[in-house]
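Structure assessment
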Amino acid sequence: MDFSSFSTLTFLATVMAAATPIMFAAIGELVVEKSGVLNLGVEGMMIFGAVCGFIAAVSTDSPTIGFIAAAVGGAGISFLFVILTQYLKANQVASGLALTLFGLGLSALMGHSYTGIKPPSSAKLSVDGLSDLPIVGRLIFGHDAMIYLAIFLILAVWYFLKYTRGGLILRAVGENHDAAHALGYRVTRVRTLAILFGGACAGLGGAYLSLVRVPQWTEGMTAGSGWIALAIVVFASWKPLRILLGAYLFGGVSILQLNLQAMGADIPVAYLSMAPYLVTILVLVIMSADRKRASLNAPASLGRAFHASS
Amino acid sequence: MTNLLTLHGLTKAYPGVVANDDVSFDIGEGEIHALLGENGAGKSTLVKAIYGLVQPDSGTMTFRGQPFAPSNPNEARAAGVAMVFQHFSLFEAMSVAENIALGMDNPPKTADLSKRIIEVSGKYGLQLEPSRLVGNLSAGERQRVEIVRCLLQNPKLLIMDEPTSVLTPQEVERLFKTLRQIQSEGASILYISHKLHEIRALCERATVLRLGKVVGSCDPRVETNKSLAEMMVGAKLATPKKTEVTLGEPVLELDGLNLKSDDPFGVSLKEITFKVRAGEVLGIGGVAGNGQDELMSALSGEVRVDPQQICLNGAFIGRESPSRRREMGLLSAPEERLGHSAAPTMSLADNILMTAFDRQRLGRRGFIKRPPTTHFAQAVIEAFDVRTPNETVHAKSLSGGNLQKFVVGRELLQKPDLFVVNQPTWGVDALAAATIRQALLELASSGAAVIVISQDLDELMEISDTLAVLAGGRLSAPQNAADLTPEEIGLLMSGEVAA
């Protein structure tokens, strides 16, 4: 094996970039699940955000407008899920799967004429002096703004759930919707807002792929990131800060396998490229082995439809 | 005495049923007023209207001299109405303080709130630790959380919906003391219950509801249990009777049954040991959540244990499946009617198949024999007076009492050697309850053994030969029911005496 091409710093910086789309999608889904709703449409919302963001960024030549369009697009497509599950009381699992299929198809249709175009590049934030510091400079400063936004969002959600009244109500609705209703909270409204937030986050995650990470538009480019984000919510046992850990772990393994491939490791490529998914499955199995702990953290009303009984 | 709350002509109809029909009554200032009635009499709908959860179709309310029509609970709370729910409106995975904050409109900061919780709970003798998880609290403690949540808002009217259904007699005493203290400070209490002796001990006035209508009002302190019950039901009630039988050989023996609960808020069974003999009714009392569900699933076979720990007619059956146990003569009816003992959206005939398929030979080589199934369903419906058009209706369309008669009847007509039933008359009207109790007694007289798990102490005293109590997953030694007083049972229920 040839180790000369490996640089720890470059490795860590790429891991951060690889983890960002999943972080966005996962923190959004965490909020949705905390409110008691299981939205399996993350993949569809992500890719729809990716195409919306791409189209908007290319036509206005502004990545910022692209990201805003992605968030609006993600929230917009999640509104379909709101109508289905919150107002028509449809099954959440089936609606979520339908949303994924719908998102994949619609984005392919919309992005058809955009394949092969390069989007405007997003500026890296560089702070004079600081970014040139050895090691720390490359690692902490000098990324694009979205990486910081993702980390900030996770901290913000953590603070919101733990310390604010809004967060308390959101958790209450996810924990026992009948009791929340009896106390006079509007279960459907809280859940609607949570789903829209989750959609916007997934859209941002998708746009990060099409505008920064790849960066171009190809059909089905999310390649399962949405599903990984769903798995990471469980891995994190519905705790925001652990999303950070889960996303970096997954990002780390996927970049590592690329590096190993580049270095010519003596393992078939197929095994290397399935490694991140295998690790995800493995970690999930270990995490859910202790049924007591797993069910203690899960929102008790997760996936149950709410019918006001009175 | 001036009136705090006056209801005038309150009517609320749901599709197919009038829950409240022209209900009028009033509650005086500083009065403890009882609302009495059977399940389905419309008590819950009525208090939901007062608490703003339900908007009445017509009728008016006056509260403290002002017209009162809350459109949501927040408005009712702001006006001074607080409510303690029958099925606690608590969040298990959250702390006591968080639960209380959720019930307030403008909660103070966590630290201040904790201080106030300790202050108020000390004043009324309702010890609470603000930082504990509600999921780890006993039923009595959970109720304290609800009451403190109400008291923090200084209510003028406190509504209590079936507050004692999960409490031990000692906890009920303590609750009454608290309620009298609240009353002495000028607040009124609307107390809903169907436990007549409690109402006679606590309340000064009672309004009786039947089928959504007010059928009378009285001073419960001068009435008897029987007169109140007959007012509620609108018919004469007969107490079930048992013909004396000599007890035979043990049918079921449990020897040191241990079972770890998978549920983080469940209870593990520890060293459960007892015998039931042919012809015996063994009552198992105790407050909900002390291992009843776990014991039920260990007996029915939903959870497997070591073979030697359960012995039926001399055979070790700890590892046998529920259907195998049914073939061997152990039939059971779990607590939840809809979703556990019966499938809500399947017909009654199909529900018959679920437990009687093998034992009644209703099928062969995996194929269902329809005619015998229909016959068996009709036999159950007839023998237990199940009020239903026919056996093809969905289980969920039956009322609680009728479905319970059907579920119990389905097992009894299969002539079990041992019948295990959890909460046989929970949420069942008085007439159906009497029918079911009578059927259980007749089954025992015919030489079968019966295990009744129930939280209704009066029911257990009425039908059991021997009585044991579950507390914290341990079972007290079974004793002759006739020798026990309610006080002794209460002590056993609190787990304070070693069994």
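Before any of the text, the structure's been laid out above.
About the criteria used
- Along each chain, residue indices are assigned from 1 in the same order as the chain's sequence is written.
- Chains and ligands are labelled sequentially in the order written, the chains with letters from A and the ligands with numbers from 1.
- Confidence filtering applies because this is a predicted model: local features only for residues at pLDDT of at least 70, side-chain atom pairs given and counted only at 80 or more, and all residues used for totals across whole chains, interfaces and linings.
- Processing note: side-chain calculations cover all non-hydrogen atoms of the structure and skip hydrogens and water entirely.
- Starting at the N terminus, helices and strands are each numbered in turn, a helix being any DSSP run of H or I of at least four residues and a strand any DSSP run of E of at least two.
- Throughout this description, buried means an accessible area under 20% of the type-specific maximum (1.4 Å probe, protein chains only), exposed means over 50%, and partly exposed covers the range between.
- Any pair of N or O atoms that falls within 3.5 Å is considered a polar contact. Within protein, one atom must be able to donate a hydrogen and the other to accept it, and sequence-neighbouring residues count only if both atoms are side-chain atoms.
- Residue contacts are defined here by distance: any two heavy atoms, one from each residue, within 4.5 Å place the two residues in contact.
- Summed over both partners, the accessible area lost on bringing two parts together, with a 1.4 Å probe, is the buried area.
- A side-chain nitrogen of Lys or Arg and a carboxyl oxygen of Asp or Glu constitute a salt bridge if their distance falls within 4 Å.
- Of the two site types, the cavity is a set of points on a 1 Å grid over the protein atoms alone where a 1.4 Å probe fits but cannot get out, and the pocket is an open set with protein on both sides within 12 Å along at least five of seven lines, each lined by residues with an atom within 4 Å of a point.
- Grid points are joined across faces, edges and corners, and a volume is the space filled by probe spheres set on the points.
- Asp, Glu, Lys and Arg are counted as charged, while Ala, Val, Leu, Ile, Met, Phe, Trp, Tyr, Cys and Pro are counted as nonpolar; the rest, among them Gly, fall into the polar class.

What follows covers the side chain of Ser62(A). Residues and elements named next belong to chain A. Residue placement: Ser62 occurs in the loop between α2 (42-60) and α3 (63-87). Owing to a relative accessible area of 16%, Ser62 belongs among the buried residues under this scheme. Polar side-chain contacts of Ser62 include one of 3.1 Å to the backbone nitrogen of Ile65. Ignoring anything within four residues of it in the chain, the contact list for Ser62 reads Ala57 and Pro120.

The interface of chain A with chain B comprises 21 residues on the first partner and 29 residues on the second. With both chains or domains summed, chain A and chain B bury close to 2,000 Å², and 61% of this area falls on carbon and sulfur atoms. If you look at where chain A meets chain B, you find 1 salt bridge. The partner of Arg171(A) in a salt bridge is Glu98(B), and the shortest N-O contact between them spans 2.9 Å. At the surface where chain A touches chain B, the tally comes to 7 residue pairs in polar contact (both at pLDDT 80 or more). Taken together, the elements giving at least two residues each to the side of chain A that touches chain B come down to α7 (165-175), α8 (177-182) and α13 (291-297) of chain A. The dominant element in the side of chain A that touches chain B, judged by the number of residues it contributes, is α7(A), at 6 residues.

Applying the stated criterion to the full structure yields 19 salt bridges over all chains. What emerges from the salt-bridge pattern is a single network uniting Arg437(B), Asp456(B), Glu459(B) and Glu462(B).

Turning our eyes to something else, we now look at the layout of surface pockets. Rolled over the atoms, a probe as big as a water molecule pinpoints where empty space is left. Reported here for the second largest pocket is a volume of approximately 950 Å³. Contributing elements (two or more residues each) for the lining of the second largest pocket: α6 (145-163), α7, α11 (240-262) and α13 of chain A together with α3 (96-102) and α4 (110-123) of chain B. Split into classes, the residues belonging to the lining of the second largest pocket amount to 18 nonpolar, 5 polar and 9 charged.

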